[in-house]
Number of protein chains: 2
Amino acid sequence: SIIGSLSGEVAVHDSTTLNLYQGVHIALALRPDRKVLAVAADEFPTDRYVVEGIAHDLGLTVRPLEPGIDLHDVAVVVRSVIDYRTAEICDVKAFTSLATEAGALVLWDLSHTAGAIEFDVHALGVELAVGCTYKFLNGGPGAPAWTYVSENLHSQIQQPIKGWFAQKDQFAMEMPFAPHDDIRRVLLGTPHILSLIAAEEGIALSERVGMKQIAAKGQALTAFAMQVVDHFGLTTSTPRDPQRRGCHIAISHPRAKELVADLATHHKVLADVRPPDIVRLGLSPLTTRFTDVWDGLQRLSHLISG
Amino acid sequence: SIIGSLSGEVAVHDSTTLNLYQGVHIALALRPDRKVLAVAADEFPTDRYVVEGIAHDLGLTVRPLEPGIDLHDVAVVVRSVIDYRTAEICDVKAFTSLATEAGALVLWDLSHTAGAIEFDVHALGVELAVGCTYKFLNGGPGAPAWTYVSENLHSQIQQPIKGWFAQKDQFAMEMPFAPHDDIRRVLLGTPHILSLIAAEEGIALSERVGMKQIAAKGQALTAFAMQVVDHFGLTTSTPRDPQRRGCHIAISHPRAKELVADLATHHKVLADVRPPDIVRLGLSPLTTRFTDVWDGLQRLSHLISG
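Residues numbered from 1 in each chain as written. Chains lettered and ligands numbered in written order. Predicted model: local features only at pLDDT ≥ 70, side-chain atom pairs only at ≥ 80, totals over all residues. Heavy atoms only, no water.

It is worth spelling out the interface of chain B and chain A at this point. Contacts between the two partners involve 45 residues from chain B, matched on the other side by 45 residues from chain A. Surface buried jointly by chain B and chain A totals about 4000 Å² across both partners, of which 59% is contributed by carbon and sulfur atoms. Along the contact surface separating chain B from chain A lie 20 residue pairs in polar contact (both at pLDDT 80 or more). Of all elements in the fold, only helix H1 (16-30), helix H2 (45-58) and helix H5 (193-209) of chain B reach the threshold of two or more residues within the side of chain B that touches chain A. For the side of chain B that touches chain A, the per-class residue count stands at 26 nonpolar, eleven polar and eight charged. (Contact = heavy atoms within 4.5 Å. Buried area = accessible area lost by both parts, 1.4 Å probe. Polar contact = N/O pair within 3.5 Å; in protein donor to acceptor, adjacent residues only side chain to side chain. Helix = DSSP H or I, 4+ residues; strand = E, 2+ residues; numbered from the N terminus. Nonpolar A, V, L, I, M, F, W, Y, C, P; charged D, E, K, R; others polar.)

Another point: the domain arrangement of chain A. All names here are of chain A. Domain annotation of chain A identifies domain 1 (10-208) and domain 2 (211-305). Just the C-alpha atoms count here: the centres of domain 1 and domain 2 sit 28 Å apart. If you look at the interface, domain 1 gives 18 residues, while domain 2 gives 22 residues. Buried area between domain 1 and domain 2, summed over both chains or domains, comes out near 1700 Å², and the portion from carbon and sulfur atoms is 59%. Viewed at the interface, domain 2 and domain 1 are joined by one salt bridge. For Glu88, the salt bridge goes to Arg244, with nearest N and O atoms at 2.5 Å. (Domains from an automatic or database assignment. Salt bridge = Lys/Arg side-chain N within 4 Å of Asp/Glu carboxyl O.)

Here we take up the nonpolar core. If you look at the biggest cluster of nonpolar residues, it comprises 62 residues, and the most contacted ones within it are Val24 and Leu37 of chain A together with Leu37 of chain B. Other than its neighbours up to four places away in sequence, Leu37 of chain B contacts Val24, Leu28, Val51, Ile54, Ala55, Leu60, Thr61, Val62, Arg63 and Val76 of chain B. (Core = buried A, V, L, I, M, F, W, Y, C linked by side-chain atoms within 4.5 Å. Buried < 20%, exposed > 50% of the residue type's maximum accessible area, 1.4 Å probe, protein only.)

Tallying each qualifying case throughout the model produces 22 salt bridges over all chains. Of the charged contacts in the structure, one is a salt bridge between Arg255 of chain A and Glu258 of chain A, with a shortest N-O distance of 3.4 Å. Residue classification places Glu258 of chain A among the partly exposed positions, given a relative accessible area of 44%. Across the pair Arg289 of chain B and Asp292 of chain B runs a salt bridge, and its minimum N-O distance is 2.8 Å.

Moving on: the packing of helix H6 (residues 211-231) of chain A against helix H8 (residues 290-305) of chain A. Residues and elements named next belong to chain A. Relative orientation of the contacting elements H6 and H8 amounts to 30 degrees, with a least axis distance of 10 Å. Our classification of the angle between H6 and H8 gives roughly parallel. Note that H6 runs across H8; the crossing there is right-handed. Judged by residue contacts, Lys217, Ala220, Leu221, Phe224, Ala225, Val228, Val229 and His231 of H6 engage Phe290, Val293, Trp294 and Leu297 from H8. Across the contact of H6 with H8, the residue classes break down as ten nonpolar, one polar and one charged. (Axes fitted to C-alpha atoms, helices over the stretch in contact; angles between N-to-C directions. Parallel < 35°, antiparallel > 145°, perpendicular 65-115°, else oblique. Left-handed = near helix turned anticlockwise from the far one by under 90°.)

In this structure the tally under the stated criterion is zero disulfides over all chains. With no disulfide of its own, Cys247 of chain A lies 13 Å from the sulfur of Cys132 of chain A, the closest cysteine sulfur. (Disulfide = S-S within 2.5 Å.)

Another aspect to go through is the environment of Ala178 of chain A. All names here are of chain A. As for its placement among the helices and strands, Ala178 is situated in the loop between strand E7 (146-149) and helix H5 (193-209). As for Ala178 and Gln167, which are separated by eleven residues in sequence, their C-alpha atoms are 5.6 Å apart. Sequence-distant contacts of Ala178, defined by excluding residues within four places in its chain, comprise Ala166, Gln167 and Lys168.

For the rest of this paragraph, the subject is the pairing of strand E3 (residues 61-64) of chain A. The pairing of strand E2 (residues 36-39) of chain A with E3 of chain A spans four bridges and is parallel. What sits directly across from Leu37 of chain A, in E3 of chain A, is Val62 of chain A. (Pairing = 2+ DSSP bridges.)

We now examine the packing of aromatic side chains. For the coordinates displayed, the defined rule picks out 17 aromatic pairs over all chains. Summarising the aromatic geometry, the rings of Trp164 of chain A and Phe44 of chain B are spaced 4.8 Å apart at their centres and angled 70 degrees between planes, so their arrangement reads as edge-to-face. Placement of Trp164 of chain A in the loop between E7 and H5 and of Phe44 of chain B in the loop between strand E2 (36-39) and H2 is noted, with the two residues assigned to different chains. According to the relative accessible area criterion, Trp164 of chain A is buried, its value standing at 8%. Taken together, a centroid distance of 5.3 Å and an interplanar angle of 40 degrees make the contact between Phe232 of chain B and Trp294 of chain B tilted. Here Phe232 of chain B is found in the loop between helix H6 (211-231) and strand E8 (248-252), whereas its partner Trp294 of chain B is found in helix H8 (residues 290-305), with 62 residues between them in sequence. On the basis of relative accessible area, Phe232 of chain B is assigned to the partly exposed category, the value being 21%. (Phe/Tyr/Trp six-rings, centres within 6.5 Å; stacked < 30°, edge-to-face > 60°.)

What follows is the structure in C-alpha cells.
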C-alpha cells in the first residue's frame, strides 16, 4: 500500500544497486531489439554507474536523459522520481506515458519516494521500480532494498543472476534452474535475516500509519522548514510548491562540506553533503519533529553566519 | 587468518550467490578468449544456476566438471572445496595446479570450508574464492558473504555491477565511475549494517580462537560422530579419513526428508535434508558440543528404528 502496488508485486531483497542492475537487465530482456539506455548525467551516482557499466559490458549506448530526448530507440530509462539533491518531484505520469508511446520502459528509482510521498504505481503507469528501505521507510542502516514488477510482466521476468532463492523447488537440489512464476523470480541468494527484520518493522510501521498521514506530515515538515529557511535568510533549491517536493530540503552554500561535518561533530545534526554546494536535510515524517527542523536549521544558520 | 589470506584480500559483502556471479565475471574478464565454463552436475544448486545463467546470457558453453575433464579451453571452473552433502574435501592443490597449467581459473566456493577446516589460499595457489559467513563462521541467519581475490589480480578486477561503494571518491557525486585500486572494487551498494555486525562478531570469534584449534575440535566432533553412527548402525557417505572430511556428516536414509522434519518438530534437532536421501548434520566447532552430537544421532537412530 506504500507505493500502491498489489500483493505479490514487490520483493524485499539485496541492495538498491543490485536491484537496479537486475531491473535494467529485466527491462532489456523485454526490449531485445533496442540498443540504447538513458539516464540523466546528474542522476544519483550508483544509478549512473550501473547503467554505464551494463552499457559497457553489452556494447550498448547511453543517451543522456534531457528535456526533449528521443526515446524511440531507447530500451530502458533509469530515473529517480525525486531528485536526490533538491527533492523536486518529476512528472511521473507524463514521462511514463511519453516513454510508453515511444516503446521504452522506465525503471523508476523510488529510494527518496517510498514512505515520503503518496505514490500509486498503477495510477501512474509504473511497471518497474526499485528503492531502498533505509531512508523514509525507517528500516535502519543498510536495510535491504526492494524490487517492484507489475504483475503483467511477471511471466516475462528474465534476470541475469540465477540464484537458488528464485528456484521453485528450492531444496530439491538436483534439479535444473526452474524459477517461480511470480515476483520471487527476482530473488537471488540467502537473504540477510537481521536486516530484513528491521526493514519489515519499518515497512509495517509505515503501512500502519498510512501514506496519506505520513505524506501530510512530510509536507508540513518541509513547509515549516521553508519558513525557517526564509527566516534565517538561507538559500534553498527545493521547490516552493509542496506538490513538487519530497521529504528533504537542500540548502546551498559554498562551504557545504565543512558545514555538514561541523553539524555532525559539534551539534548532533546528521545532514548529507551533496557536492558541489548542497547541505541536504532529510525529514523522515515518522521520526522527525518540528522542533528538530528548527534546531537543525538554526544551528546551520549560526554556523554560516559564523 | 581464517583462510590464510593477506590483509586487504577479502571483502565481506552481499550474498554467496551474488558473489559467485560477480566472481565468475571477474574470472571471465581475465580469460576473454575462452568460451567455456565448468561446473559439476551435482555442485550446490546456486553455484550451478549462476554458472548456467551466465553461460546462457553470454552464449558460453558449460562443460560438466568430471574426472579427466579437459580444461585447455575453459575460462573458469566453479568448484566447492567441500562437498555440501558428504563433507568430502577435494584435493585443492592438485586441482588448482591442473587448472593453472591448462590456463583456466578456479573460483572456489569455501562456504563449507572457512571456519571449519584449516585452509591456506596462498599455499594452495587459490586466486579467487567466495563463501558465506552464516555457517561455520557463526555470523547468524543470512549474514553477508565474502569475496577473496589474491592481491596480484586486484589491478585487473573488472566486475559487471558498478556500484557507488566501489567508487574511489564515493561522495563526490558528480564524477564518472572510477573504482578503488584494491579489493573494494568488488563492493556494490550500501551494506546491510545489522547483518554485517553479526558477521563481524562471528569472524572475530573464529580469529580469536584460531583455525588450528577450531579445526581440531571439528575433527574430534566428526570422529566422535562417526563412532556414534557405527554404534547405531547408521549409514554414512562422509569419508572415514579425518583429513578428507569437513565439519558436517551425511547419514543416508530413504526417508531423509521425513526424518529431518521430525527431528526439527519433535526433537529440537535442526538438520538439513539433501535429496534424494541425505540427512546432513552440521557440527560447527565453536558451538556444537559432543553431547549434542550424541543426542542428535541418538534421536535420529530412534526415529529410523521406529
